[in-house]
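What the coordinates show
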Amino acid sequence: MGVETRIDKYLWAIRAFKTRSEATDACNGGKVKLNGQSVKPSKAVHPGDEIIVRKAAVQFTWRVIDTLEKRVGAQLVPQYAENLTPQSELDKMRAPVETFFLKRDRGAGRPTKKERRTMDALFDYLDSED
């Protein structure tokens, strides 16, 4: 196509974000870089540009092959963007999230000082095992 496209619209079109407003918020929040520079949502992308997007703990990288105006199906995305994200970054998405739940009876109120110290000791013990 070769049309000039805003980066927020491009990221939405290649399915990096579910909505265009999410892409705009990511640009405004400094989570999107174009050729190493943080950009505003209105910055134009061109073929050959490299886009880095930080989503949670993962840093995705794409190279622009061609620009587009409308959102495309997932099968067509490789025609417009080359995914350069290293496997080590993709593995972070599959990493299990360690959570520990402490059960308290409903309506028991806030923990007493003694209960709080017991919980703190337990959490300190769990942290020291890592």
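Relevant structure appears above.
Presented here is a report on the structure given in the accompanying data block. Bear in mind the structure is a predicted one, so any value in this text is a computation, not a measurement.

Observations concerning the overall build of the protein chain
Along the backbone of the protein chain there are 4 helices and 7 strands. Its helices and strands in sequence order give the protein chain the pattern β-α-α-β-β-β-β-β-β-α-α, from N to C terminus. A compact globule built from 130 residues would reach a C-alpha radius of gyration of about 14 Å, whereas the protein chain, at 22 Å, exceeds it by more than 25%. For the C-alpha atoms alone, the extent of the protein chain along its principal axes is close to 65 × 30 × 30 Å. Considering only contacts within the protein chain whose residues lie at least 6 apart along the sequence, 44% involve residues at least 24 apart. Carbon and sulfur atoms make up 51% of the accessible area of the protein chain, which totals about 9,200 Å². Treating the 24 positive side-chain charges of the protein chain as one cloud and the 19 negative ones as another, the clouds have centres 6 Å apart.

With respect to the nonpolar core
When a protein is soluble and globular, its nonpolar side chains tend to lie buried together. Formed by 26 residues in total, the largest nonpolar core has its most connected members in Ile7, Tyr10, Leu11, Ile14, Val32 and Ile51. Residue assignment for this core shows that the elements contributing at least two residues are α1 (7-13), α2 (20-28), β2 (32-34), β5 (50-55) and β6 (58-64).

Looking at the side chain of Glu89
Along the polypeptide, Glu89 turns up in helix α3 (residues 87-94). Under the relative-accessibility criterion, Glu89 is labelled buried at 14%. Side-chain polar atoms of Glu89 contact the backbone nitrogen of Gln59, separated by 2.8 Å. Not counting the four nearest positions on each side in its chain, Glu89 is found in contact with Ala57, Val58 and Gln59.

Section: the packing of aromatic side chains
The final tally for this structure, using the stated rule, is 1 aromatic pair. Consider the rings of Phe60 and Trp62, whose centres lie 5.8 Å apart with planes at 15 degrees: the pair is stacked. The class of Phe60 is buried, set by a relative accessible area of 13%. Given the relative accessible area of 9%, Trp62 is considered buried. Above the face of the Phe17 ring, Lys55 is positioned so that its terminal group lies 4.9 Å from the ring centre.

Here is what the cut-offs are and how they apply
- Here the residue numbers are simple positions, counted from 1 along each chain's written sequence.
- Whole-chain, interface and lining totals are the exception, using all residues; otherwise, since this is a predicted model, local features are given only for residues with pLDDT of at least 70 and side-chain atom pairs are given and counted only at 80 or more.
- As a rule here, side-chain values cover all heavy atoms of the structure and leave hydrogens and water aside.
- Numbering goes from the N terminus for both helices and strands, where a helix is a DSSP run of H or I of at least four residues and a strand is a run of E of at least two.
- Atoms counted for the radius of gyration: C-alpha only. Globule rule: 2.2 Å times the number of residues to the power 0.38.
- Whether two residues are in contact is decided by their heavy atoms: any pair within 4.5 Å suffices.
- All accessible-area figures derive from a Shrake-Rupley calculation using a 1.4 Å probe, and residue coverage is judged against the displayed protein chains alone.
- Positive residues here are Lys and Arg, negative ones are Asp and Glu, while His and the chain termini are left out of the count.
- Think of each charge as sitting on NZ of Lys, CZ of Arg, CG of Asp or CD of Glu.
- Buried residues of nine kinds, namely Ala, Val, Leu, Ile, Met, Phe, Trp, Tyr and Cys, make up a nonpolar core once their side-chain atoms join them within 4.5 Å.
- Each residue is assigned to one of three classes by its accessible area relative to the maximum for its type, calculated with a 1.4 Å probe on protein chains only: buried under 20%, partly exposed between the two thresholds, exposed over 50%.
- As used in this structure description, the phrase polar contact means that two N or O atoms lie within 3.5 Å; if the pair is within protein, one of them must be able to donate a hydrogen and the other to accept it, and residues adjacent in sequence are counted only when both atoms belong to side chains.
- For Phe, Tyr and Trp, rings pair up if their centres lie within 6.5 Å, where Trp contributes its six-membered ring, and each pair is then called stacked (planes under 30 degrees apart), edge-to-face (over 60) or tilted (otherwise).
- Placement of a positive charge over a ring is assigned whenever Lys NZ or Arg CZ falls within 6 Å of the ring centre and within 35 degrees of the normal to the ring plane.

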